[in-house]
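# What the coordinates show
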Amino acid sequence: MRQKKHWLLTLYGYLMLLLLLLPLVLVVVTSFGSQAAITFPIKGFTLKWYANILSQPDFVTGFKTSFAVAVTASFLAIVVGTPAVYALTRCGIHHANWFQTVFLSPTLIPEIVIGFALFQSLVIGIKLPLMPVLITGHFLLSVPYVIRMLTARLLLFDQTIEEASWLSGASKIKTFFRVVIPNISGTLLAIFIMCFINSFNNIPITLFLNGPSLTMLPTAILNYLQNNYDPTVSAVSVILMLLTGLMMWLMERMNGLTHVNEHLNQKGQN
Amino acid sequence: MQAMQVKHLSMSYENGKEVLTDINFSVNAGELVSILGPSGCGKTTTLRIIAGLQRQTSGNVAIDEQSIDSVPAFKRNMSMVFQNYALFPHLSVFENVAFGLKQRGIGKTAIRKRVAEILSLTELTDLANHRPHALSGGQQQRVSLARALVVNPTLLLLDEPLSNLDRALRLSLREEIRRLQQKLGITALFVTHDQEESFAISDRVIVMNGGHIEQIASAQIVYAHPATTFVAKFIGFENFFNVTRQETSNEYLSGETHLYMAEKTTKPVVRLCIRPENIRLDTSMDTDTQQNSLNGIICDKTYLGRTYRYVVATDHLGQIKVDSEEATHQLGDAVRLTLPSDKLIALAE
């Protein structure tokens, strides 16, 4: 049922889209510019900035570390978050709402504060190496996403299906792994990708927790930008955009968010 | 032989609200018993406690005289058919039906043979490879039934299994459930709010209301001899008269009206009742004092399809509802009602 929209609304929509996309288009275009500084419009076309990425060791190792940290933190967040959400939605825990708020609380605190607090307490305080603290920070960043999105999915998952499984002879643990997990795997993957993108692109927390021994991609880009203003940064950004885009596309393909969105829409209407 | 007994079952929530009060009944081996009652009467809670999905506050559930209160749901060897089917969305029809056998550690070839058997019994063979979402409601419920039967349960529990289906499907699936239950000799407990459904399918009916049992009897007895006012109302008695008994044990007095019952009873009686279709409606205004006859004026008339529903205002017994195939009576007509003495039912409470 598609209604015909007013032309003004359509125009407004396109304007907003333009506003959102224009900076990105600029980045893409400038990454191909042949001049030594980022300028627009570009004078000549070249791919040398893309080649230059590989000659910057900070970008290469930064990418690898960021990737590793993002994967580890997202994975941990799902491993810790999933049972928590299951308990919150299924076990009739007292004060479930309160717990929910606690799990979501990292979103309420400015990320830069989380970064600083972790640095102060774990790195300075008990002298932990940077890597585990960094992963902890990104883990904290990811947990609220897991809680939020998975709660929506599990509330939508009919509990009588689990009851049918128990009565069929599967214990609660078996039911969790053989019935619940297979049915929410799409959502889990979508959540993983979401957490990954967030963690991979994160600056506020990362800023406090990197150092000479530990280079992360976003901070490497920042550092590079302070000393050079050439289109290499644009080229790196384009690659990051492509990677993020690819993941979003994958997530759509998995259909993992459809349920969640449906649930949120229903909630909004009630 | 009693396959399952429920003894002094009570259940209340933490806030003190009592959901079940002293429920006692048993189901014999191979019998289909239904629990009939309005929503909120505790019938589903009773079923869920028997299945082990909920805990009772006191009392116990026993299978073959053995208490099973400490046995978790997944070890009770019961199966349940849910109102909303509750099939495993990620599994095919075959895998759904095979699920319970797999949990019991049965070998692959044995599972394939047994599943094929039950799928052909429930006429689902052609759908074996479909996912549940590709099936209609009726087909999904047949899969659910097959999944419940395949494990040869000690007790088959059915929780309003037909309530989500349209009428034609409800009737055919009802017959199918009964046919399979009898063919396989399965002991079953069927929960429903639909009187016709419960009467048609079961050997015995348990009528529940407000967390307690009102009557346990065969459908015929419940229909003809409701034990309480609640049961009478629930199964279609619409005319109730508060009475006091006269010296002779079959004469009752309601206000100034004398009513006579065909059979004598020794139990205390507070109320008589009669179904609308059992009252005779005549135009002849005999003034003779025929037994159980009274005059009235028609004050409402509704077409019900097979019959007309007349509401007749009487002097001493208030408004009386009468169902008649006669279309000729009009609003305001003076009529004579006869309450056949053998159709009046005495109620003790």
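Residues numbered from 1 in each chain as written. Chains lettered and ligands numbered in written order. Predicted model: local features only at pLDDT ≥ 70, side-chain atom pairs only at ≥ 80, totals over all residues. Heavy atoms only, no water.

### Digging into the overall build of chain B
- Looking only at helices and strands, one finds eight helices and 21 strands in chain B.
- Reported as C-alpha extents along the three principal axes, the dimensions of chain B are approximately 80 × 45 × 40 Å.
- Intrachain contacts of chain B at a sequence separation of at least 6 include 66% that bridge at least 24 residues.
- For chain B, the accessible area works out to roughly 15900 Å², and carbon and sulfur atoms hold 48% of it.
- Between the mean site of the 36 positive side-chain charges and the mean site of the 38 negative ones, chain B shows a separation of 11 Å. (Helix = DSSP H or I, 4+ residues; strand = E, 2+ residues; numbered from the N terminus. Contact = heavy atoms within 4.5 Å. Areas by Shrake-Rupley, 256 points an atom, 1.4 Å probe, with all protein chains shown as cover. Lys, Arg positive; Asp, Glu negative; His and termini not counted. Charge placed at Lys NZ, Arg CZ, Asp CG, Glu CD.)

### Quick word on the UniProt feature "domain: ABC transporter" (unreviewed entry) in chain B
- This chain's UniProt record puts "domain: ABC transporter" (unreviewed entry) on residues 4–235 of chain B.
- End C-alpha atoms of residues 4–235 of chain B are separated by 27 Å, and the span's content is 36% helix alongside 25% strand. (UniProt positions renumbered as here; feature names shortened; annotations may be inferred.)

### Regarding the side chain of Thr219(A)
Residues and elements named next belong to chain A.
- As for its position among the elements, Thr219 is in helix 10 (residues 217–227).
- Accessibility expressed as a relative area gives 2% for Thr219, which makes it buried.
- A polar atom in the side chain of Thr219 sits 2.9 Å from the backbone oxygen of Met216.
- Once you skip the residues sitting within four places of it in the chain, Thr219 turns out to touch Thr206, Leu207 and Asn210. (Buried < 20%, exposed > 50% of the residue type's maximum accessible area, 1.4 Å probe, protein only. Polar contact = N/O pair within 3.5 Å; in protein donor to acceptor, adjacent residues only side chain to side chain.)

### Quick look at the pattern of salt bridges
Residues and elements named next belong to chain B.
- Taken as a whole and assessed by the stated rule, the structure comprises 13 salt bridges over all chains.
- One salt bridge connects Arg114 with Glu117, and the closest N-O pair in it is separated by 3.2 Å. Taken together, the residues Arg114 and Glu117, both in helix 3 (residues 108–121) and three residues apart, mark about one turn of the helix.
- Overlapping salt bridges bring together Lys113, Arg114 and Glu117 as one network. (Salt bridge = Lys/Arg side-chain N within 4 Å of Asp/Glu carboxyl O.)

### Notes on the pairing of strand 10 (residues 212–217) of chain B
Residues and elements named next belong to chain B.
- Direction of pairing for strand 9 (residues 204–209) relative to strand 10: antiparallel, over a ladder of five bridges. Considered in strand 10, the bridge of Val205 is made with Ala217.
- Connecting strand 9 to the next strand, strand 10, in antiparallel fashion are two residues, including Gly210 with a positive phi near 55°. (Pairing = 2+ DSSP bridges.)

### Structural notes on the domain arrangement of chain B
Residue and element names in this part refer to chain B.
- Partitioning chain B into domains gives domain 1 (2–233) and domain 2 (237–347).
- Placing a centre on the C-alpha atoms of domain 1 and another on those of domain 2 gives a separation of 40 Å.
- Facing nine residues of domain 1, the contacting portion of domain 2 comprises nine residues.
- In total, domain 1 and domain 2 occlude about 740 Å² of area from one another, counting both sides; carbon and sulfur atoms represent 56% of this. (Domains from an automatic or database assignment. Buried area = accessible area lost by both parts, 1.4 Å probe.)

### With respect to a positive patch on the surface
- The grouping of Lys174(A), Arg178(A), Lys102(B), Lys108(B) and Arg112(B) at the surface amounts to a positive patch.
- Of all the secondary structure elements, the ones that give two or more residues to the positive patch are helix 8 (172–200) of chain A together with helix 3 of chain B.
- By the element assignment, Arg178(A) lies in helix 8.
- Given the relative accessible area of 43%, Arg178(A) is considered partly exposed. (Patch = residues over 30% accessible without salt bridge, like charges linked within 9 Å, V, L, I, M, F, W, Y side chains within 5 Å.)

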